[in-house]
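Structural overview for review
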Amino acid sequence: MAGRDAGWIDWGRQYPAAGCRIETPSNVEEMREIVAADHGPVRAVGAGHSFSPLVADAETLVSLDSFKGIEAIDREKGIARVRAGSRLHELTAALHEEGLAFRNLGDIDAQSIAGATATATHGTGVSLPCLSAEIAGLEILRADGSMVEIDGERDPDLLAAARVSLGALGIVTRIDFRVVEAHRLHRRTWSMPLAEALSSAQDLWRTHRNFEFYYIPFSDYCLAISHDLTDEAPRAGPKGDDDAAVHDLRRARDLLGWWRWLRRLVIRRELARFPEEDAVDYNWKLLASERNVPFRETEYHLPVDTALDALKEAVAIIEARCPEVFFPIEVRQTAGDDSWLSPFQGGNRISVAVHSWWKDGHAVLQSLVEPVFLAAGGRPHWGKMHGLGREKLEALYPDFARFDELRREWDPQGRFVNDHLATIFGVSR
Ligand SMILES: Cc1cc2nc3c(=O)[nH]c(=O)nc-3n(C[C@H](O)[C@H](O)[C@H](O)COP(=O)(O)OP(=O)(O)OC[C@H]3O[C@@H](n4cnc5c(N)ncnc54)[C@H](O)[C@@H]3O)c2cc1C
């Protein structure tokens, strides 16, 4: 176990854990003692890769860094039993040794499995659900110290509640996660005008296993990325350097921000020089990459029929009012699922994500795009920055009140409630 104020800070460098106790229990008994201790809010922490203050303002942070690795594999059912603190990249590498893989991944693989699933972390693909939907069962330590094992076959309703929990139901210690055979993907990247991306996106999502595009602000151009299953042998293609590209976009903003036509011209020239990738490799090697330039992010998951119009409107607002924005706007699609707090509950959603460089501030951008995304029926990513409280969230999630009832039953004293969760669930403190 560790002591007070051990210097924890989230990836985005927004929420230093000053004065907070950071504990790293090595077994369930120690975890039970920490939860039972007479302190203020206790929050489980994974890799600290959330942009929203889900794990800030706690008296105690419980790290699951001692809970790592694969415990067992049921090949017949296609389920790996994994410990909750395992990082995604640790699991994908270990599964590969067993000839297995995650069905899908998001942009990075630095998160813990419990942290990623607690916020419905997703990648892209019309038939590919978010990571939380792959949970077939889990084990969770509740506020009263009791351990609950949830098996999706025996208790599908309870599992639907616990898959996306924001750490509000207790501390997940173990997850039964659905996996697939190891497989290779063919990756292609290319650029195209925004108008073409908007008119062809639905077809491209239908055609490719994974498809996404990034709109480059102030350019009218997008970078498109597709991944498809292949038996071809691995081959490396020319690789774009995401961090260097972001650096170039910032330079164009700094030097040419006030001459928009020139900025547009320079970005297009840079895009033309960005290598078109054509590569084959195992899915975990291609889907996730490193992100080394800190940023802030807001992402909304929108109904498929309103999303692209909302994107167009958001782009127009950003280009009229936010000359400082240079990070690409990311657009993905995820299959629906039935978890109570999943933003994808009830059907496929298209996700639109806007980013600010960490030194620029994010409040203005967020305040301008949120009304557009909300009017289009969007639901915010739980792990990214949003300004919604209980009233609005309850209107967006049919099972919100049901989840909160369970939360209050399992945690009547609000041991797992910090300031952010108090806003989300309307808890007065
Ligand atoms: C650079 C970057 C890229 C990203 N890319 C994507 C992306 O492509 N797609 C996407 O959807 N999201 C993305 N995210 C968001 C990220 O996946 C989520 O915010 C995710 O929840 C972070 O996981 P974590 O392990 O860091 O958890 P943390 O941020 O540490 O915690 C997140 C939540 O999980 C809870 N939690 C953690 N461990 C446990 C546990 N053992 N039991 C119960 N609750 C627990 C915490 O209490 C908290 O509520 C990205 C974030 C960053 C910084």
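Reading guide: rules and limits
Residues numbered from 1 in each chain as written. Predicted model: local features only at pLDDT ≥ 70, side-chain atom pairs only at ≥ 80, totals over all residues. Heavy atoms only, no water. Pairing = 2+ DSSP bridges. Helix = DSSP H or I, 4+ residues; strand = E, 2+ residues; numbered from the N terminus. Axes fitted to C-alpha atoms, helices over the stretch in contact; angles between N-to-C directions. Parallel < 35°, antiparallel > 145°, perpendicular 65-115°, else oblique. Left-handed = near helix turned anticlockwise from the far one by under 90°. Contact = heavy atoms within 4.5 Å. Nonpolar A, V, L, I, M, F, W, Y, C, P; charged D, E, K, R; others polar. Expected span 1.5 Å × (residues − 1). Bend = angle between axes of the 7 residues up to and from the residue. Patch = residues over 30% accessible without salt bridge, like charges linked within 9 Å, V, L, I, M, F, W, Y side chains within 5 Å. Areas by Shrake-Rupley, 256 points an atom, 1.4 Å probe, with all protein chains shown as cover. Salt bridge = Lys/Arg side-chain N within 4 Å of Asp/Glu carboxyl O. Buried < 20%, exposed > 50% of the residue type's maximum accessible area, 1.4 Å probe, protein only. Near = heavy atom within 4 Å. Polar contact = N/O pair within 3.5 Å; in protein donor to acceptor, adjacent residues only side chain to side chain. Domains from an automatic or database assignment. Buried area = accessible area lost by both parts, 1.4 Å probe.

So, the sheet that holds strand β2 (residues 42-45)
Taken together, the 3 strands give an open sheet; going across it, the order is β1-β3-β2, and neighbouring strands pair in parallel fashion. The sheet is open, and its two borders are formed by β1 (21-23) and β2, each paired with just one other strand. Taking each pair of neighbouring strands and ignoring which way they run, the sheet shows an average axis angle of 25°. Sheet topology note: the β2/strand β3 (residues 60-63) ladder contains 4 bridges and is parallel. Bridge pairing links V45 to S63 in β3.

Digging into the packing of helix α9 (residues 304-321) against helix α10 (residues 363-375)
Where α9 contacts α10, the two axes come as close as 9 Å, and the packing angle between them is 155°. Between α9 and α10, the crossing angle belongs to the class labelled roughly antiparallel. Note on packing geometry: the crossing formed by α9 with α10 is right-handed. Contact residues: A310, E313, A314, I317, I318 and R321 in α9; L365, L368, V369, V372 and F373 in α10. Looking at side-chain class alone, the contact of α9 with α10 contains 9 nonpolar, no polar and 2 charged residues.

Thoughts on helix α5 (residues 194-207)
Taking 1.5 Å per residue as the helical rise, α5 with its 14 residues ought to reach 20 Å, and the 19 Å between its terminal C-alpha atoms agrees with that figure. S200 marks the point of greatest bend in α5, at about 55°.

Focus on a nonpolar patch on the surface
Taken together, the side chains of W259, W261 and L265 define a hydrophobic patch exposed on the protein surface, amounting to about 410 Å² of accessible area. Mapped onto the elements of the fold, L265 is located in helix α7 (residues 260-273). Since its relative accessible area comes to 54%, L265 is described here as exposed.

Focus on the site of the ligand
Taken together, 36 residues lie near the ligand, and A44, H49, S50, D107 and T119 sit nearest. G48 is positioned with one of its backbone polar atoms (N or O) 2.9 Å from an oxygen atom of the ligand. The contact in question runs from an oxygen atom of the ligand to an N or O atom on the side chain of S50, over 2.6 Å. Taking 970 Å² as the accessible area of the ligand by itself, protein coverage stands at 99%. Among the secondary structure elements, those contributing two or more residues to the shell around the ligand are β2, α3 (113-118) and β10 (171-178). Of the residues forming the shell around the ligand, the biggest block, 4 residues, is contributed by α3. Split into classes, the residues belonging to the shell around the ligand amount to 16 nonpolar, 15 polar and 5 charged.

Focus on unusual backbone geometry
Glycine aside, the phi torsion of most residues is negative, and most peptide linkages are trans. Positioned with a positive phi, L166 is a non-glycine residue whose angle comes to about 55°. Position of L166 relative to the elements: it lies in the loop between α4 (156-162) and β10. Phi at D220 is positive, roughly 65°, even though this residue is not glycine. Secondary-structure assignment places D220 in the loop between β13 (210-216) and β14 (221-230). Residue D220 is classed as partly exposed on the basis of its relative accessible area of 31%.

Points about the domain arrangement of the chain
Interface size is commonly expressed as the accessible surface area that is lost when the partners come together. You can read the domains of the chain as domain 1 (70-181) and domain 2 (184-380). Contacts between the two partners involve 29 residues from domain 1 and, on the opposite side, 31 residues from domain 2. Summed over both sides, the interface of domain 1 with domain 2 buries roughly 2500 Å², with 55% coming from carbon and sulfur. For the pair domain 1 and domain 2, the number of links is 3 salt bridges. Between R332 and D107 there is a salt bridge whose closest N-O contact spans 3.3 Å. Those elements that provide at least two residues to the side of domain 1 that touches domain 2 are α2 (88-97), β7 (125-129) and α4. It is β7 that contributes the most residues to the side of domain 1 that touches domain 2, 5 residues altogether.

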